[in-house]
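Here is what each chain is made of, one letter per residue.
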Amino acid sequence: MKPDLFQAPDYYLLDDLLTEEHKLVRDSARAWVKREVSPIIEDYAQRAEFPKQIIKGLGEIGGFGPYIPEEYGGAGLDQISYGLIMQEIERGDSGVRSTSSVQSSLVMYPIWKFGTEEQRKKYLPKLATGEFMGCFGLTEPDHGSNPSGMTTNFKDMGDHYLLNGAKMWISNAPFADVAVVWAKNEEGRIHGLIVERGMEGFTTPETHNKWSLRASATGELIFDNVKVPKENLMPGKSGLGAPMQCLDSARYGIAWGAIGAAMDCYDTALRYAKERIQFDKPIAGTQLQQKKLAEMITEITKAQLLTWRLGVLRNEGKATTAQISMAKRNNVDMAIHIAREARQILGGMGITGEYSIMRHSMNLESVITYEGTHDIHLLITGADITGIPAFK
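Residues numbered from 1 in each chain as written. Predicted model: local features only at pLDDT ≥ 70, side-chain atom pairs only at ≥ 80, totals over all residues. Heavy atoms only, no water.

K.L.:
Go over unusual backbone geometry with me, naming the residues and quoting the values.
P.N.:
One non-glycine residue with positive phi stands out, namely Asn 172, at about 75 degrees. Within the secondary structure, Asn 172 is located in the loop between strand 3 (160–171) and strand 4 (178–184). Unusually for a residue other than glycine, Asn 209 sits at a positive phi of about 60 degrees. Among the residues examined, Asn 209 registers a relative accessible area of 75% and is labelled exposed. (Helix = DSSP H or I, 4+ residues; strand = E, 2+ residues; numbered from the N terminus. Buried < 20%, exposed > 50% of the residue type's maximum accessible area, 1.4 Å probe, protein only.)

K.L.:
Can you break down the pattern of salt bridges residue by residue, with the values?
P.N.:
A full pass over the atoms with the stated rule returns 22 salt bridges. Linking Asp 15 and Arg 26 is a salt bridge whose minimum nitrogen-to-oxygen distance equals 2.6 Å. Within this pair, whereas Asp 15 is found in the segment before helix 1 (20–37), its partner Arg 26 is found in helix 1, the two being separated by eleven residues in sequence. Among the residues examined, Asp 15 registers a relative accessible area of 25% and is labelled partly exposed. Across the salt bridge formed by Arg 359 and Asp 93, the nearest N and O atoms sit 2.7 Å from each other. Of this pair, Arg 359 sits in helix 10 (residues 357–367) while Asp 93 sits in the loop between helix 4 (79–92) and helix 5 (94–114), and the two are 266 residues apart along the sequence. An identical accessibility class is assigned to Arg 359 and Asp 93; each is buried. (Salt bridge = Lys/Arg side-chain N within 4 Å of Asp/Glu carboxyl O.)

K.L.:
How would you sum up the environment of Leu 193? Please name residues and give values.
P.N.:
Considering the arrangement of structural elements, one finds Leu 193 in strand 5 (residues 190–196). Take Leu 193: its relative accessible area is 0%, and that puts it in the buried class. When the C-alpha positions of Leu 193 and Ala 183 are compared, they lie 7.6 Å apart, and in sequence the two are ten residues distant. Not counting the four nearest positions on each side in its chain, Leu 193 is found in contact with Phe 154, Tyr 161, Leu 163, Ala 179, Val 180, Val 181, Asn 232, Leu 233 and Met 234. (Contact = heavy atoms within 4.5 Å.)

K.L.:
Pulling in residues and values, what's your account of the UniProt feature "domain: Acyl-CoA oxidase/dehydrogenase middle" (unreviewed entry) in the protein chain?
P.N.:
As annotated by UniProt and renumbered to match this structure, "domain: Acyl-CoA oxidase/dehydrogenase middle" (unreviewed entry) occupies residues 135–226. The span residues 135–226 is 0% helix and 48% strand, and its two end C-alpha atoms sit 17 Å from each other. (UniProt positions renumbered as here; feature names shortened; annotations may be inferred.)

K.L.:
How would you sum up the UniProt feature "domain: Acyl-CoA dehydrogenase/oxidase C-terminal" (unreviewed entry) in the protein chain? Please name residues and give values.
P.N.:
In the numbering used here, UniProt assigns the "domain: Acyl-CoA dehydrogenase/oxidase C-terminal" (unreviewed entry) feature to residues 238–383. Helix makes up 76% of residues 238–383 and strand 3%, with an end-to-end C-alpha separation of 23 Å.

K.L.:
If you had to explain the domain arrangement of the protein chain to someone new, which residues and values would you point to?
P.N.:
Once the domains are mapped, the protein chain shows domain 1 (14–133), domain 2 (135–237) and domain 3 (241–386). Each of domain 2 and domain 3 has a C-alpha centre, and these two points are 30 Å apart. Taken over both partners, the interface formed by domain 2 and domain 3 buries close to 950 Å², and the fraction arising from carbon and sulfur atoms is 75%. Of all residues in domain 2, the largest losses of buried area upon contact with domain 3 belong to Ser 212, Leu 213 and Lys 237, amounting jointly to 44% of the total for that side. Counting across the interface, domain 2 meets domain 3 through zero salt bridges. Remark: the boundary between domain 2 and domain 3 carries four residue pairs in polar contact (both at pLDDT 80 or more). (Domains from an automatic or database assignment. Buried area = accessible area lost by both parts, 1.4 Å probe. Polar contact = N/O pair within 3.5 Å; in protein donor to acceptor, adjacent residues only side chain to side chain.)

K.L.:
Mind laying out the nonpolar core, listing which residues take part and the relevant values?
P.N.:
If you look at the biggest cluster of nonpolar residues, it comprises 63 residues, and the most contacted ones within it are Leu 58, Ile 80, Ile 111, Leu 124, Leu 127 and Trp 182. Top element by residues in this core is helix 5. It accounts for nine residues. Counting residues in each nonpolar core, the second largest holds 35 residues, with Ile 283, Ala 303, Ala 335 and Ile 338 among its members. (Core = buried A, V, L, I, M, F, W, Y, C linked by side-chain atoms within 4.5 Å.)

K.L.:
Give a detailed account of a nonpolar patch on the surface, specifying residues and quantitative values.
P.N.:
Together, Tyr 11, Tyr 12, Leu 17 and Leu 305 give the surface a local cluster of nonpolar side chains, amounting to about 450 Å² of exposed area. Along the polypeptide, Leu 305 turns up in helix 8 (residues 287–315). Given the relative accessible area of 33%, Leu 305 is considered partly exposed. (Patch = residues over 30% accessible without salt bridge, like charges linked within 9 Å, V, L, I, M, F, W, Y side chains within 5 Å. Areas by Shrake-Rupley, 256 points an atom, 1.4 Å probe, with all protein chains shown as cover.)

K.L.:
Requested: an account of helix 11 (residues 374–386), with residues and values cited.
P.N.:
Every α-helix winds through 3.6 residues per turn, so residues three or four apart in the chain are directed the same way. For helix 11, built from 13 residues, the straight-helix expectation of 18 Å at 1.5 Å per residue is met to within 8% by its first-to-last C-alpha distance of 18 Å. When helix 11 is considered as a whole, its buried residues turn out to be Ile 376, His 377, Ile 380, Thr 381 and Ala 383. For helix 11, the angular spread of the buried residues around the axis is 160 degrees, confining them to a single face. Counted as exposed and oriented over 90 degrees from the buried face of helix 11: Asp 375 and Ile 385. (Expected span 1.5 Å × (residues − 1). Arc of directions from axis to C-beta.)

K.L.:
Go over the environment of Glu 299 with me, naming the residues and quoting the values.
P.N.:
Inspection of the secondary structure assignment puts Glu 299 in helix 8. Note: C-alpha distance between Glu 299 and Ala 262 (37 residues apart in sequence) is 9.3 Å. Excluding residues that lie within four positions of it along the chain, Glu 299 makes contacts with Met 334 and Ile 338.

As structure tokens, then:
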């Protein structure tokens, strides 16, 4: 792959809206991605392997639970800092950002918000450094956009719970040390359980033959009469609203991350268009290529403004699920269109591993699907503005 020459676009001077801490956090993450991710990621994507050697570095740049309080091993940063870290990591690769945001928003977040003090002290510090890696079990083979229909369940056996069922499309599953699993009790109420690797009957087979998120480890969670200690149930919140609250945090991170992928595609296409000579002049001097590039920077700028405002609302505790949903849907849709247009600017070179664009394009096919499909997010907005749910 070519050297990483990335220069971030900031057409509306959004840096003026950021604090010095925001910029320091972002620039540290950006430098780390250039140094540790960009030189290796294409090779790992081609091999369909997650580069485990970057886990320690992800922890060091705040890639794992940066908003978790310092007393539990986090950095105590705000929501805009979290978003900027996700932006920079996904600029490198969506699969690496998936690993980071799952650990942050879907494992550490529920333990912090819904767990006991003992659970927080036991798990969060090790998750923050990457000593422990985690995954989140909600989606099932027969229940994706309808998680309330889940069949994974647990029974109270007196001194422990007995967990049975299966989860599918689980990022980090093949190597996770802990899994935050959502299952129904005997009354049909959804609860969160912390399941540890090594518990008898718990297996995590890997999902192979993916054309997307190839540098991210994906798998299943299989529970066959798994004995879960009662102290591993998270008591702070139950019902479908608990995992949905986690998904709010994750979707927020994706909204930022998708901007990173889009910026990388735009920057690559702009540089290539200036350097590629056809008919005795750079193709950047043709009307059709300028149209593509102008539309790209416009959409990136709109997404940056949308997401910065959402970050302010998150910091103030005002952001709604529907607002977060809109940003996730808009920004991922924006990124996938920019990836496709950027690929066209590069012509045949755009499909090679010498450039990042085709990898981003394939990755974004997963990002536009997971944690709420594009269509489901349209329905979330539709329900919010009309007051009439149309999910079924």
